[in-house]
Amino acid sequence: MCRIFAAALAEGPVGPVLKAGLKRLEYGGYDSSGMAAVDQGKLQIKKGVGKLDEVDKSVKFDELPGCIGIAHNRWATHGYPSVTNAHPQVDCTGKIAVVHNGVIENFFEIKERLAENGHEFKSRTDTEVIAHLIEDYIKKGMDFLNGTINAMKDLRGSYALAILYSAEPNTVILVKNESPLMLGISDEGNYAASDAVAFVDHTNRIIHLEDGELAVITPKSYKIYRISDGESVNHEIETVDISVSDVDKGGYRHYMLKEIMEQPVAISYALNLQAQYLDVVSELVRRSRITYLIGAGSSYHSCMAGSYMLSQISGMPTIPAVASEFIQQFGKTLNPDSTTILASQSGETADVLKVASYARLKASTVISITNVVSSTITRLSRAYIVQQAGPEIGVAATKTYTTQLLVYYQLAVELARKSGSITEANSYMKGLHELPRLAEKVLEDVSEPVNRLAAELKDANHIFFLGRGINTATAYEGRLKMLEISYIPSSAFSAGESKHGPIALIENNSPVIFVAPDDTSRKVIMGNIMEIKARGGKAIVFGDENDSELKQASDEFIGMPQIDEMLSPIIYILPLQLLAYNTAILKGYDPDKPRNLAKSVTVL
Ligand code: F6R
């Protein structure tokens, strides 16, 4: 999704600072990039189409002069990627520049009205109307601040904005409504960004803006106003615990690989969830008549696995659902006796936030599982659990997926303990504490066979992923990793479903990956392996290393350590993440920046 960044520095040039911040925000969107600064009373704009480095080569962002500037990475929503549609967008006079993350719902109406008044639009973006709207109010005699406040009152939709006006060259105006935006405060200057990683090199002192607020920053000051009545507002400065090394690649070629390999550490952090949060959340779930587990993409897959954990460990039935479908599918069933658990690593996915707002209206108890404590979802939730995975920059979810599974597991054990269905949680907790070591061993042991497998699969036309029981979720997640970064068409099914249709696609040598730990599904999945082989398919099996029968039945077998069934998705997804990564590399793709995707999807 688009990401914005602004800096008001005591000393310039602002270009290199903006470029470094945009680089950190690249995970959020990267079909075009741009910047604007005020120099000698005039706006200077540099922008272009492509990834930041490509645009930089032609426009040379470092050469942007001045001390005050705004910047943007775009992930197109309105208007195809082009230089004209790239941000910043400007007004008719070329004095006002705007960068925007979000969607203006009523932009067409405003555009028509402004066009009738003589405004000329150059782009297809919804953002451009904002610059013209402010221009209109300034023309009526208002200053930059009041013009912007009035313009904001006309807008409907979601927006995080950073705005420059060359006639007031010392100032950046920021506005937040339903899109993430925070200020970074320091003695050398002030910043604003969609995510604190943009200014983590300069300060860890941040202020979260609330929806409907506007901030004015200069190199030496900041002031926040409520748009509805223009009153000034005070927020406390928070000190966040995020360091430069947290967001570096740490010697790995890609963030995705770094994040896969640091899962043993992320898992050990996620074992230290704060007891009081688990206690509150499990109590709320326990009292609920019906509980939904909701997410998008990988987070939905963790909800699928979570529903097996909750039913099998604690006897609690729950319904996993896809966020974008949830309101139509189950919205009418929400009431004060229901609980809505929302899993979103970023805490900013628009489909998930929409469910959160809807569930609140229905007085359902909203709980979230997220990796970003300062995200919007935590503010919409009655209680939340933070996954503790550390920042995830690679677009494909890896460590945030495994740590979400861990949250669900610990929640299930806590619920079981509370309801008395297990007398003591020790045996469950023991398996849990062995996980970091096991994850480390698996990542080491599978690296060579998975590399070989990637070389075999890289030219496949199609790959199947099959699993049963809780590892149906692993098959789904393994398939999502493969297709989103290697672009190989892939399908996933619960193995029992394969004979109800998908098996029609099996031809000689069609690769079929089975997730087959030694669990309650082991016997039946053997039958599914045989069915595929009988039709010429190639059975590539991830199974227990001591399972000689399975090994014999497989065309290729990758041995995994013995593991408890409910914890197995956390360990079995690791080789599938590595497989997807290696396949993408062999095909020459950048796994950190898959085409058409964004780290967090902040539009519906
Ligand atoms: C896939 C992936 C996406 C996200 C989805 C939800 O690798 O990363 O499918 O899982 O966009 O994102 P969050 O968890 O931030 O709500």
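Preceding this paragraph is the structure being described.
These notes cover the structure that comes with them. (Residues numbered from 1 in each chain as written. Predicted model: local features only at pLDDT ≥ 70, side-chain atom pairs only at ≥ 80, totals over all residues. Heavy atoms only, no water.)

To continue, consider the site of the ligand. Within the structure, the ligand sits among 14 residues, and S299, S344, S346, T349 and E484 are positioned closest to it. The separation between an oxygen atom of the ligand and a polar side-chain atom of T349 is 2.5 Å. Contact distances for the ligand include 2.8 Å between an oxygen atom and a side-chain N or O atom of K481. Here the ligand loses 91% of its free accessible area of 410 Å² to cover by the protein chains. (Near = heavy atom within 4 Å. Polar contact = N/O pair within 3.5 Å; in protein donor to acceptor, adjacent residues only side chain to side chain. Areas by Shrake-Rupley, 256 points an atom, 1.4 Å probe, with all protein chains shown as cover.)

To continue, consider the layout of surface pockets. Rolled over the atoms, a probe sized like a water molecule indicates the empty space that remains. In this structure, the largest pocket occupies an estimated 1200 Å³ of space. Those elements that place two or more of their residues in the lining of the largest pocket are β11 (205-208), β15 (238-239), α7 (263-270) and β20 (383-386). The element contributing the most residues to the lining of the largest pocket is α7, with 3 residues. Its residues placed into classes, the lining of the largest pocket shows 19 nonpolar, 15 polar and 11 charged. (1 Å grid on protein atoms, 1.4 Å probe; cavity = no way out; pocket = protein on both sides within 12 Å on 5 of 7 lines; lining within 4 Å. Points joined across faces, edges and corners; volume = space filled by probe spheres on them. Helix = DSSP H or I, 4+ residues; strand = E, 2+ residues; numbered from the N terminus. Nonpolar A, V, L, I, M, F, W, Y, C, P; charged D, E, K, R; others polar.)

The subject of this paragraph is the sheet that holds strand β2 (residues 32-39). Across the sheet, which stays open at both edges, the 8 strands sit in the order β3-β2-β4-β1-β10-β9-β11-β15 with antiparallel pairing between neighbours. Where the open sheet ends on each side, the last strands, each with one partner, are β3 (42-49) and β15. Strand direction decides the pairing type here: strand β1 (residues 3-9) and strand β10 (residues 189-193), joined by 5 bridges, are antiparallel. In the strand pairing of β10, F5 is matched with A193. Lying over the sheet, helix α1 (residues 15-24) contacts β1, β2, β4 (68-74) and β10, oriented at roughly 150° with respect to β1. The sheet strands contacting helix α2 (residues 52-59) are β2, β3 and β4, and the helix crosses β3 at an angle near 130°. (Pairing = 2+ DSSP bridges. Contact = heavy atoms within 4.5 Å. Axes fitted to C-alpha atoms, helices over the stretch in contact; angles between N-to-C directions.)

Take α1 next. Residues that lie three or four places apart on an α-helix share one face, since the helix turns once every 3.6 residues. Those residues of α1 that fall on the buried side of the exposure criterion are G15, V17, L18, G21, L22 and R24. On its buried face, α1 sits against β1, β2, α2, β4 and β10. (Buried < 20%, exposed > 50% of the residue type's maximum accessible area, 1.4 Å probe, protein only.)

Following the criterion strictly, the structure yields 4 cavities of 30 Å³ or more and no others. Here the largest cavity defines a volume of roughly 60 Å³. Taken together, K176, P180, L181, M182, H208, L209, E348, S374, S375, T376 and R379 make up the full set of residues lining the largest cavity. Here the lining of the largest cavity is composed, by residue class, of 4 nonpolar, 4 polar and 3 charged. Residue-level mapping places the lining of the largest cavity at the junction of two domains, with at least three residues from each of domain 1 (3-246) and domain 2 (249-433). (Domains from an automatic or database assignment.)

Under the counting rule described, the total for this entry stands at 33 salt bridges. One salt bridge in this structure joins K258 and E262, with 3.5 Å as the shortest N-O distance. Close ionic contact of D547 with R522 constitutes a salt bridge, the shortest N to O distance being 2.5 Å. With a gap of 25 residues between them, D547 in the loop between β24 (538-544) and α18 (548-553) and R522 in helix α17 (residues 522-534) connect regions that are remote in the sequence. Under the relative-accessibility criterion, D547 is labelled buried at 10%. Here the salt bridges share partners, and the residues they tie into one network are D279, E283, R286, R287, E414, R417 and K418. (Salt bridge = Lys/Arg side-chain N within 4 Å of Asp/Glu carboxyl O.)

Right, let's get into the environment of A539. Along the chain, A539 turns up in strand β24. The exposure class of A539 is buried, given its relative accessible area of 0%. The spacing of A539 and H87 is 452 residues in sequence and 49 Å in space, taken between C-alpha atoms.

Among the 5 residues of β10, 5 are classified as buried, and the element is accordingly described as predominantly covered. In β10, alternate side chains face the same way, and those of G189, Y191 and A193 on one face and N190 and A192 on the other are all buried. Judged from the 4 bridges that link them, strand β9 (residues 182-185) and β10 form a sheet pairing that is antiparallel. Residue pairing in the sheet places I185 in a bridge with N190 of β10. With antiparallel pairing between neighbouring strands as the criterion, β9 and β10 make up a hairpin whose turn holds 3 residues.

Another aspect to go through is the packing of helix α3 (residues 107-116) against helix α4 (residues 128-139). In contact at an axis separation of 10 Å, α3 and α4 are set at 45° when each is read in the N-to-C sense. Judged on the interaxial angle alone, α4 and α3 are oblique. Judged by the twist between their axes, the crossing of α3 over α4 is left-handed. Seen from α3, the contacting residues are F107, I110, K111, R113 and L114; seen from α4, they are V129, H132, L133 and D136. Taken together, the residues of the contact of α3 with α4 break down into 5 nonpolar, 1 polar and 3 charged. (Parallel < 35°, antiparallel > 145°, perpendicular 65-115°, else oblique. Left-handed = near helix turned anticlockwise from the far one by under 90°.)

Take the environment of E484 next. Mapping E484 onto the fold places it in helix α16 (residues 472-486). Here E484 falls in the buried class, since its relative accessible area comes to 12%. The spatial distance from the C-alpha of E484 to the C-alpha of I540 is 20 Å, given a sequence separation of 56 residues. Discounting residues that sit within four places of it in the chain, E484 has contacts with A396, P594 and L597.

Two measures define how a pair of helices packs: the angle their axes make with one another and the distance between the axes. Contact geometry of helix α13 (residues 399-419) with helix α19 (residues 568-586) gives a least axis separation of 10 Å together with a crossing angle of 170°. One finds that α13 runs roughly antiparallel with respect to α19. Of α19, the residues touching α13 (which contributes Y401, T402, L405 and L406) are P569, I570, I573, L574 and Q577.

Here we come to the side chain of T376. Locating T376 in the fold gives a position in helix α12 (residues 376-380). Among all residues touching T376, those that are not within four sequence positions of it are G347, E348 and L353.

Don't take any of this as a statement about function, it's just geometry.
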